[in-house]
Amino acid sequence: MARWREAAAGLALGTELSTDLGSGIGGRSWWLGLMACVALCGTAITLALDVPLLPAAGRAPLSEEARENLRGQFLAPLAMGARSGVQTRPDPARVVPLSEIPERPRIELTARIIGGRSLGTTLQRSGVSANDIARATALLKPEVNLRSLKAGTEIELVLGRRASRAEPRPLERLALRSAFDMRLAVERTGDELTLRKIPIKVDSTPVRVNGLVGRSLLRSLQDAGIPGRQAREYMNVMGYVVDMQRGVGAKDRFDIIVARDKAETGEERYGGVLYGALDRLGKDRIEVARFGPGGEFYRDNGESARKGLMRTPVNGARMTSRFGMRFHPLLNYSRMHQGVDFGARHGAPIYAAASGTVEYAAPHGGHGNYVRLRHNSTLKTAYAHMSRFAVRRGQSVKQGDVIGYVGSTGVSTGPHLHYEVWLRGKAVNPMTLKFTGGSQLSGADMSQFKTELDRLRATAMTGVSTPASERPGRRPA
């Protein structure tokens, strides 16, 4: 009895409130702790029963219609009828019908000229009135040839507010690019339309790139950022002065300057090649530059680059068979190979090695599709195994014109060009044939050319190219 009084006194003093009921089960401290826990719980429950309830307004039950409207906000499985979105049902008593749908006060849109459509037709289809079209075109005609506007030209239009739907919207503004360096805007001032010219600043600094030839000169030029047309022009021009098959190695370096205009709006426009050079290992540097009103290319000594025949009448090719006796891979016997073969991709353009007249353009036995050009009374060139023709018999061609495309017609093992040169009725080796003549600058022209060449040589470099096959982390194709 004394022990229980002692426990009650301990409980009263709070000495057993922190007993761990998970250890010492059945002992004196355990029992004291259990009694303290029960006493505290009982006291809390007794006190909670005496707390009065807070009054709250009752929520009216939802009607079936209200519940249906709120169903879009419920979180519930789709299988139980959940929906997304809230259905708004306006009060019909508060809805006032409009006499007509309201219009935007002004419309901004961009129209594009489609091939075959004139500017007037494009404006008419965009909602411009016939009167505004006539006034706008009258203002534009003195500044730009409206018939020469290219397909895809964008026309920015702003159409204003109109009095009624029966009338077209008035033209507030019309703007278009009339030239690379000019923008024209027709704007409304009061009841009149006026023309405003907006010049566009243009930077005409040429692009100069230097790099390794690598496995493919054409590919290296394009990897350096030179557009395809200018890259092919460079190869054509250099093909007049160097054998592009045997005279250019992977470790040689090219140097090219191309005319370029860059507008302040970001557009770029490339012109022709202005300068080209090749630095060949162990050989003299070869340079050509454009000069004169005709845009002819000359070497650094003033000699015309377009002298004699093009050494390689197809770009991106490799010599696969030389001139002379050889064992024919299909006929299985040795015979005279009267030309040289250049392996190239199917469809690659073939160029006229010199200016002349098409003497023959038709299938020719084992030669397949065959073109023969007569350059003068003693010199002819022939091109065989074409996939298709680009000229016809009797047509006049200039040096560098496309006359056909690489193929594998006739007796052929694959796409390639068979190229022949006939001199005084006898087949000769195109790779060893040499020509003299061609124009030569002298006097004042030579002095001006030297000045122009020095200026081009001093042009700042805008990029140095590394062939894709030699870049880190790249495997050669």
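Residues numbered from 1 in each chain as written. Predicted model: local features only at pLDDT ≥ 70, side-chain atom pairs only at ≥ 80, totals over all residues. Heavy atoms only, no water.

## Focus on the nonpolar core
A general tendency of soluble globular proteins is for nonpolar side chains to be buried together.
And step 1. Ranked by size, the top nonpolar core spans 56 residues in total, and within it Tyr-234, Tyr-383 and Ile-403 carry the most contacts.
And step 2. Broken down by element, the residue count for this core peaks at five residues, all from helix α7 (residues 228-239).
And step 3. Not counting chain neighbours up to four residues away, the residues in contact with Tyr-234 comprise Leu-217, Leu-221, Phe-254, Asp-255, Ile-256, Val-273, Gly-276, Ala-277 and Leu-278.
And step 4. Leu-123, Leu-149, Leu-174 and Leu-193 belong to the second largest nonpolar core, which has 20 residues in total. (Core = buried A, V, L, I, M, F, W, Y, C linked by side-chain atoms within 4.5 Å. Buried < 20%, exposed > 50% of the residue type's maximum accessible area, 1.4 Å probe, protein only. Helix = DSSP H or I, 4+ residues; strand = E, 2+ residues; numbered from the N terminus. Contact = heavy atoms within 4.5 Å.)

## Topic: the pairing of strand β5 (residues 192-199)
And step 1. One ladder, built from eight bridges, connects strand β4 (residues 182-189) with β5; its direction is antiparallel. Across the sheet, Glu-187 pairs through a bridge with Thr-194, a residue of β5.
And step 2. A loop of two residues connects β4 with β5, the two strands running antiparallel in sequence, and Gly-190 in this loop sits at a positive phi of about 70 degrees. (Pairing = 2+ DSSP bridges.)

## Regarding the pattern of salt bridges
And step 1. In this structure the tally under the stated criterion is 29 salt bridges.
And step 2. For Glu-156, the salt bridge identified is with Arg-183, shortest N-O distance 3.0 Å. One end of the pair, Glu-156, is in strand β2 (residues 154-159); the other, Arg-183, is in strand β4, and 27 residues separate them in sequence.
And step 3. A salt bridge links Arg-208 to Asp-255, with the shortest nitrogen-to-oxygen separation between them at 2.7 Å. With a gap of 47 residues between them, Arg-208 in strand β7 (residues 207-212) and Asp-255 in strand β8 (residues 253-263) connect regions that are remote in the sequence. We note that Arg-208, like Asp-255, is buried.
And step 4. Put simply, Arg-208, Asp-255, Asp-279, Arg-285, Glu-287, Asp-454 and Arg-457 are held in one network by salt bridges that share partners. (Salt bridge = Lys/Arg side-chain N within 4 Å of Asp/Glu carboxyl O.)

## A word on a nonpolar patch on the surface
And step 1. A cluster of nonpolar residues, Leu-62, Leu-70 and Phe-74, forms a patch on the protein surface that exposes about 240 Å² of accessible area.
And step 2. On the accessibility criterion, Phe-74 (36% relative accessible area) is partly exposed. (Patch = residues over 30% accessible without salt bridge, like charges linked within 9 Å, V, L, I, M, F, W, Y side chains within 5 Å. Areas by Shrake-Rupley, 256 points an atom, 1.4 Å probe, with all protein chains shown as cover.)

## So, α7
And step 1. When the terminal C-alpha atoms of α7 are compared, their 16 Å separation across twelve residues agrees well with the 16 Å that a helix rising 1.5 Å per residue should span.
And step 2. In terms of residue burial, α7 counts as a mostly covered element, since ten of its twelve residues are buried.
And step 3. Where α7 is concerned, the buried positions are Gly-228, Gln-230, Ala-231, Glu-233, Tyr-234, Met-235, Asn-236, Val-237, Met-238 and Gly-239.
And step 4. Residues of α7 that are buried sit in contact with α6 (217-223), β8, β9 (268-279), β10 (286-291), β11 (296-299) and β16 (349-351). (Expected span 1.5 Å × (residues − 1).)

## Looking at unusual backbone geometry
And step 1. The phi torsion at His-385 lies on the positive side, around 70 degrees, for a residue other than glycine.
And step 2. Of note in the backbone geometry, Arg-424 takes a positive phi value of approximately 55 degrees without being a glycine.
And step 3. Within the secondary structure layout, Arg-424 lies in the loop between β22 (416-423) and β23 (426-428).

## Re helix α8 (residues 443-457)
And step 1. Between its terminal C-alpha atoms α8 stretches 21 Å, which fits the 21 Å expected from 15 residues at 1.5 Å a residue.
And step 2. When we look at burial in α8, the residues that qualify are Met-446, Phe-449, Leu-453 and Leu-456. For α8, the buried positions fall inside an angular range of 85 degrees around the axis, keeping them on one side. The outward face of α8, more than 90 degrees from its buried face, is lined by the exposed residues Ala-444 and Thr-451.
And step 3. On its buried side, α8 packs onto β7, β8, β9, β10 and β11. (Arc of directions from axis to C-beta.)

## Concerning the sheet that holds strand β1 (residues 107-112)
And step 1. Pairing in this open sheet of five strands is antiparallel, and the strands run β1-β2-β3-β4-β5 from one edge to the other. A strand with exactly one partner marks an edge of an open sheet, and here the two such strands are β1 and β5. Between one strand and the next, the sheet's axes are offset by a mean angle of 20 degrees, whatever the strand orientation.
And step 2. Of the strands in this sheet, β3 (171-179), β4 and β5 are in contact with helix α5 (residues 130-140), which crosses β5 at around 40 degrees. (Axes fitted to C-alpha atoms, helices over the stretch in contact; angles between N-to-C directions.)

## Quick word on the environment of Thr-110
And step 1. Topologically, Thr-110 is positioned in strand β1.
And step 2. With 66 residues separating them along the chain, Thr-110 and Leu-176 place their C-alpha atoms 10.0 Å apart.
And step 3. Apart from residues no more than four positions distant in its own chain, Thr-110 is found in contact with Glu-154, Ile-155 and Glu-156.

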